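# Chain and residue survey
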Amino acid sequence: KRQVEGNTVHRHAVGTPSTKARQPIRAQGVDTLHHRNVIVRGNTVTSAYTNHQDTLDPGGADLISLHRCTGFEVSGNTVRGGGDVGITIAQGCRDGRVFGNLAEDCDTPGINLGSASSVERVNRVAVFGNTLRNNGRDRADTGGTSIARAVDRAKTNLVVTRAENCVVDGNVLVFDAGHAT
């Protein structure tokens, strides 16, 4: 098993967009060799509350990111203030569970299941019992230049794209703050 458990990461995105840690917790296998039995549990990641491409004060991108993982669990994590997605499960991930997480105030979705740019679909993943609050913020930059704005489909709490045999059930989706768009 590969475990990332009980860590606290605050404002990890230090530097410029090209030098900062874009994804503070990530497991990324390759096409021919997926990571197996990955557990990401009980972590807290707080980013800069700015867009990940802001040139003056860049936020992080995907705060927890799994690509090409088989038999995984992402549970009990808190992610806040991401400059892109809170939790991404994409690029061929399969046979996993994402539950009991809190994602709030991220620039794009709190949870992104699948990827519009990936050929390999996500398969047999259950996403349940998560709380997603005020994501899809699409923040303006803080005075620098931000290369891209969020596409419309990303201005929400939860996105499912190019996924098969997946279950999304019992999540709490809340927009109780003014939306940035």
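Overview of the structure. Not measured: the values here are computed from a predicted model.

The tally for this structure, following the rule as stated, stands at 10 salt bridges. When the shortest N-O distance is used, the salt bridge between Glu-73 and Arg-97 registers 3.3 Å. Within this pair, whereas Glu-73 is found in strand S8 (residues 69-75), its partner Arg-97 is found in strand S11 (residues 94-99), the two being separated by 24 residues in sequence. Arg-80 serves as the salt-bridge partner of Glu-104, at 2.4 Å between the closest nitrogen and oxygen. Of this pair, Glu-104 sits in strand S12 (residues 102-104) while Arg-80 sits in strand S9 (residues 78-80), and the two are 24 residues apart along the sequence. Its relative accessible area of 26% is what places Arg-80 among the partly exposed residues.

Next up on the list: the sheet that holds S9. The strand order S2-S6-S9-S12-S15-S19 describes an open sheet built from 6 strands, whose pairing is parallel. Both outer strands of the open sheet, strand S2 (8-10) and strand S19 (172-174), are each paired with one neighbouring strand and no more. Strand-to-strand twist across the sheet, computed as the mean angle between neighbouring axes with direction ignored, equals 5°.

Positive phi outside glycine occurs at Asn-37, with the angle close to 55°. Topologically, Asn-37 is positioned in the loop between strand S4 (35-36) and strand S5 (38-41). For Asn-37, a relative accessible area of 40% translates into the label partly exposed. One non-glycine residue, Asp-105, lies in the positive phi region at around 60°. Residue position: Asp-105 is located in the loop between S12 and strand S13 (111-113).

Conventions we followed
- Residues numbered from 1 in each chain as written.
- Predicted model: local features only at pLDDT ≥ 70, side-chain atom pairs only at ≥ 80, totals over all residues.
- Heavy atoms only, no water.
- Salt bridge = Lys/Arg side-chain N within 4 Å of Asp/Glu carboxyl O.
- Helix = DSSP H or I, 4+ residues; strand = E, 2+ residues; numbered from the N terminus.
- Buried < 20%, exposed > 50% of the residue type's maximum accessible area, 1.4 Å probe, protein only.
- Pairing = 2+ DSSP bridges.
- Axes fitted to C-alpha atoms, helices over the stretch in contact; angles between N-to-C directions.

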